Structures are given as C-alpha cells and as structure tokens.
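Residue-level structure breakdown
In case you want the letters, here they are:
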Amino acid sequence: MQTTIAILPGDGIGTEVTREAVKVLRAVEQKFGHQFELPEALIGGAGLDAEDDPFPQQTADICADATAVLLGAVGGPKWDSVATEKRPEKGLLRLRAALDVFANLRPVAPHPILADASPLRADLLQGVDIMVVRELTGGIYFGEKERTADSATDVCTYTRSEIERVLRIAGKLAQGRRQKVTSVDKSNVLETSRLWREVTNELMPREFGDLELEHLLVDAAAMHLLSRPADFDVIVTENMFGDILTDEASMLAGSMGMLPSASLNDGARGLYEPIHGSAPDIAGQNKANPCGTILSAAMLLRLSLGLEEEAASVENAVNQVLSDGLRTGDIAKPGEAVVNTADMGSAIAAAIDAAN
Ligand code: NAD
C-alpha cells in the first residue's frame, strides 16, 4: 500500500520530535510491508523565514495531495513581533482551514508508570482513559468581535449542523470504546448551550441509542475531571470549553510531552500533532520528549489510514520503552537517568521492530 503523509516539522522542538516520529513510521513500514511517501514541507516561522509566508503555497499543495498531515509545532520568540497575518500561528489556522478539520480529539490515558509525574494522586488516576472531542471551528473564537475603549463584545454562534457533525464523531469513537458520551455545555445560562443540549438529546438516542449519554455543565465537568476522572469515556464539547478542559485533562498525564492529538473532517483526512508548542526553552538541545508526536503518528495510522494493528504496535512500543525505564527529562523523577530525544525515538522504533 502506497500512502502519502505530509510531514510539517515547523519550529523549535517541532523539528526534533517529528524526526523521531518519521523514524517510527519507517519502522512500521518495514515491519508491516507498507510504503509511505513522507514529503516534508515548511510551516510557521520556518515558512516565514524561507518564503515570507507561514503557510507557503508549496506546503498547501503537498498537504492537499496527502492522506494525512503530521505536524510538529510552530512559533517562537523570533517571530513574536511580526504582523498578525504573518504570525506562525496563522500558518496553523490556515492549514486547519485548508484541511477543513472541525473536530479535535485529545486522548488522555496516563501510563501507570508515570503516575508520579501527575499532580493528581495515583489512586485517582487508576483506569483513566478519556477521549476529549472539541469542536474546533465554531463558537466564540470565530464570532464577530467589537471593541471600543470601554466595551468589548465576542459573539458566540453555533448551528445545528456544526453540533451534529461533531457529535457524530464523538458517538462513533464511543462505539469503539466504553460506550459512553458525556456532553459538556452551559445550558443553564447560554443560548448556544441550550441548542447544543437540544441537538444532543435528539441526535444521540436516534443515531447512537446503544450509548450511555450524560450531560454536565462545564463548571461541574471541570471539577469531576479531577475528582472522578476514571468515570469518563468520550467527552464532547464546544470550542472554548474544550480548549480549557483539554489543558486541564492534560495534567492527568503529567507532561505535555506525552500527549497526542488529531483534528478530523468528515472524511479520512486528518491533521495530527502533539499538544505541546515549540518549547523555545529546550529547542535545539535534543531534550524534548518525542512520545506525544509518536503517539500522534499512531492516531494517524488508526484514524486516517485504518491501520489498527500498526497503530497498536506503536502504542505498545511506547509503553514498552516506558516500562523498560527510559525517560526524557520531563517525565524523569529527580535523580533518575534521562535519555535524549533521538535515543527515545530510536528505542521506540527498535521496540516495533522487535515485537512478535
Ligand atoms: P510549550 O508547549 O512550547 O512549552 C511549555 C513548557 O513545556 C516548556 O517548559 C517546554 O520546555 C515544555 N515542553 C513542551 N513540550 C515538551 C516536550 N515534548 N518535551 C519536554 N518538555 C516539553 O508552550 P509555550 O512555551 O507556551 O509556547 C512556546 C511557543 O509555542 C509559542 O510561540 C507558542 O505560540 C507556540 N505554541 C504552538 C503550538 C502549536 O504549534 N500547536 C501550541 C502551543 C504553543
């Protein structure tokens, strides 16, 4: 099978962690007899430096021809003062728009061995395996904005179809997991949330009658994520609530360096990236944890390419090296030996190769 995956390293540690994910994809290719085309393209500050554009046309063309896109991270202090339209983050927004991805998936399943890296008590983390599905293209972030010296307005709008399409993604995911969807809103005060809940109550029983459906107000959800995280399976919510809850949920796993994400559209094409940024404080030092990007590549194999066995082999390999005691600095306990980015990637690739 010949498949094209666009590789966009971006800036800072983005280049270091995607290099390791490519190593892992090559190991999967070897092990399972696939052929992956992995063209690289510029985005963010790297695009700006080379082409005066954070999302150059050549990058857009490569992504348009690819089945999926694997991204590192964009941004850094070097570009902090450039005009808004040219900011590295603008490149990411244009990429999301080009791929038409509207659902952002963030799995949080802390590895038991890393329980010490989380600020939560280890007993609360037992059995935690959450998939947060955040609506990515609607809501208050994209509404009309107004500003005078003394007042400011951000309009929040959702349409029925925007809510339905993200609910369908959440429902399908729950069917392959533990059969439960928790929908998070603020329907006691917001009209958009009342529509959200109404549409959820219509669509879920009709299309996903086999699933358990729970509603939570966002303030309660923020609390329950910390007090009973193991009770959640799939959480689905609107853009801003998802933005906040996913960062909260990431703390269950301890380090941002461990967590992957996927952004999906109606079809198979998706954008896969770790949840962290370009980490200028450790960039260029071979210190970054590549696991979040490598686990993003596993999501890509599963969700865009339908390669379940291959995806599981990557996830098993990450678990294997963690069980063997390998730690990058962000997940090491004080005094514990640490490995560098490249060694971590190589160990995961070798574990894929060595698996039965
Ligand atoms: P960050 O995620 O880059 O870093 C936060 C902290 O976590 C830093 O101390 C960093 O060293 C550490 N960290 C992050 N990833 C790590 C990894 N893989 N291994 C070990 N440690 C890791 O967030 P920030 O410092 O707020 O932002 C830095 C730049 O990244 C900014 O320009 C920001 O705009 C950009 N950013 C980009 C994205 C993206 O590309 N999707 C996301 C967030 C931030």
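Please read these numbers as outputs of a predicted model, since none were measured by experiment.

Scoring rules and cut-offs
- Residues numbered from 1 in each chain as written.
- Predicted model: local features only at pLDDT ≥ 70, side-chain atom pairs only at ≥ 80, totals over all residues.
- Heavy atoms only, no water.
- Helix = DSSP H or I, 4+ residues; strand = E, 2+ residues; numbered from the N terminus.
- Expected span 1.5 Å × (residues − 1).
- Buried < 20%, exposed > 50% of the residue type's maximum accessible area, 1.4 Å probe, protein only.
- Contact = heavy atoms within 4.5 Å.
- 1 Å grid on protein atoms, 1.4 Å probe; cavity = no way out; pocket = protein on both sides within 12 Å on 5 of 7 lines; lining within 4 Å.
- Points joined across faces, edges and corners; volume = space filled by probe spheres on them.
- Nonpolar A, V, L, I, M, F, W, Y, C, P; charged D, E, K, R; others polar.
- Core = buried A, V, L, I, M, F, W, Y, C linked by side-chain atoms within 4.5 Å.
- Domains from an automatic or database assignment.
- Near = heavy atom within 4 Å.
- Polar contact = N/O pair within 3.5 Å; in protein donor to acceptor, adjacent residues only side chain to side chain.
- Areas by Shrake-Rupley, 256 points an atom, 1.4 Å probe, with all protein chains shown as cover.
- Axes fitted to C-alpha atoms, helices over the stretch in contact; angles between N-to-C directions.
- Parallel < 35°, antiparallel > 145°, perpendicular 65-115°, else oblique.
- Left-handed = near helix turned anticlockwise from the far one by under 90°.
- Buried area = accessible area lost by both parts, 1.4 Å probe.
- Salt bridge = Lys/Arg side-chain N within 4 Å of Asp/Glu carboxyl O.

Let us now look at helix α6 (residues 160-175). In this model, α6 (16 residues) spans 22 Å end to end at C-alpha, consistent with the 22 Å of a helix rising 1.5 Å per residue. Within the span of α6, buried status applies to Glu162, Ile163, Glu164, Val166, Leu167, Ile169, Ala170, Gly171, Leu173 and Ala174. Tucked inside the fold, the buried residues of α6 contact β4 (103-108), β5 (130-135), β8 (180-185), α7 (191-207), β10 (234-237) and β11 (260-264).

This part is about empty space enclosed by the protein. With the rule as written, the count across this model stands at one cavity of 30 Å³ or more. Taken together, Tyr158, Val184, Asp185, Thr192, Ser193, Trp196, Glu238 and Phe241 make up the lining of the largest cavity. Going through the elements one at a time, β8 and α7 are the ones with two or more residues in the lining of the largest cavity. Per-element accounting of the lining of the largest cavity gives the leading share, three residues, to α7. Here the residues of the lining of the largest cavity sort into four nonpolar, two polar and two charged.

This brings us to the nonpolar core. Generally speaking, soluble globular proteins have nonpolar side chains that are buried together. Leu105 and Val133 are the most contacted members of the largest nonpolar core, which has 61 residues in total. Counting residues per element, this core draws most heavily on helix α10 (residues 291-303), which supplies eight residues. Two domains each provide a minimum of three residues to this core, namely domain 1 (1-102 + 257-356) and domain 2 (119-252). Beyond its immediate sequence surroundings of up to four residues, Leu105 is in contact with Met131, Val132, Val133, Ile169, Leu173, Pro260, Ser261, Ala262, Leu264, Met299 and Leu303. Membership of the second largest hydrophobic core comes to 21 residues, among which are Val132, Val184, Ala253 and Ile275.

Before going further, it helps to spend a moment on the site of the ligand. Within the structure, the ligand sits among 20 residues, and Val74, Gly277, Ala279, Asp281 and Asn289 are positioned closest to it. Contacts to the ligand include Asp281, whose side-chain N or O atom sits 2.8 Å from an oxygen atom. Here a nitrogen atom of the ligand and a backbone polar atom of Asn289 are 2.9 Å apart. In isolation the ligand has 810 Å² of accessible area, and contact with the protein removes 66% of it. Here the residues of the shell around the ligand sort into nine nonpolar, seven polar and four charged.

A separate point is the environment of Val22. As for its position among the elements, Val22 is in helix α1 (residues 13-32). Sequence separation between Val22 and Ile5 is 17 residues; the distance between their C-alpha atoms is 10.0 Å. Excluding residues that lie within four positions of it along the chain, Val22 makes contacts with Ile7 and Leu38.

Between helix α11 (residues 308-323) and helix α12 (residues 341-354), the shortest axis-to-axis distance is 8 Å and the interhelical angle comes to 120°. When the axes of α11 and α12 are compared, the pair comes out oblique. Crossing handedness for the pair α11 and α12: right-handed. On α12, the residues touching Ser313, Val314, Ala317, Val318, Gln320, Val321 and Leu322 of α11 are Met344, Ala347, Ile348, Ala351 and Ile352. Grouping the constituent residues of the contact of α11 with α12 by class yields ten nonpolar, two polar and no charged.

Positive phi outside glycine occurs at Gln179, with the angle close to 65°. Backbone geometry places Ala279, a non-glycine residue, at a positive phi of 40°. If you trace the backbone, Ala279 turns up in the loop between β12 (270-274) and α10.

Orientation of α1 relative to α10, taken along the N-to-C sense of each, is 45°, at an axis distance of 8 Å. On the basis of the axis angle, α1 is oblique to α10. Handedness of the α1/α10 crossing: right-handed. Taking contact as the criterion, the partners of Val17, Thr18, Glu20, Ala21, Val24, Leu25 and Val28 in α1 are, on α10, Thr293, Ile294, Ala297 and Leu301. Partitioning the contact of α1 with α10 into residue classes produces eight nonpolar, two polar and one charged.

All right, on to the environment of Pro260 then. Inspection of the secondary structure assignment puts Pro260 in strand β11. On the accessibility criterion, Pro260 (6% relative accessible area) is buried. Taking the C-alpha atoms as reference points, Pro260 and Glu40, 220 residues apart in sequence, are found 20 Å from one another. Ignoring any residue separated from it by four or fewer positions in sequence, one finds Pro260 in contact with Leu105, Arg106, Pro107, Glu273, Pro274, Ile275, Gly292, Leu295, Ser296 and Met299.

So, about the domain arrangement of the protein chain. Here the domain parsing of the protein chain yields domain 1 (1-102 + 257-356) and domain 2 (119-252). Here domain 1 and domain 2 have C-alpha centroids that lie 25 Å from each other. Residue-level contacts link ten residues of domain 1 with nine residues of domain 2. Surface buried jointly by domain 1 and domain 2 totals about 780 Å² across both partners, of which 74% is contributed by carbon and sulfur atoms. At the junction of domain 1 with domain 2, the criterion picks out zero salt bridges. Summed over the shared surface of domain 1 and domain 2, the result is one residue pair in polar contact (both at pLDDT 80 or more).

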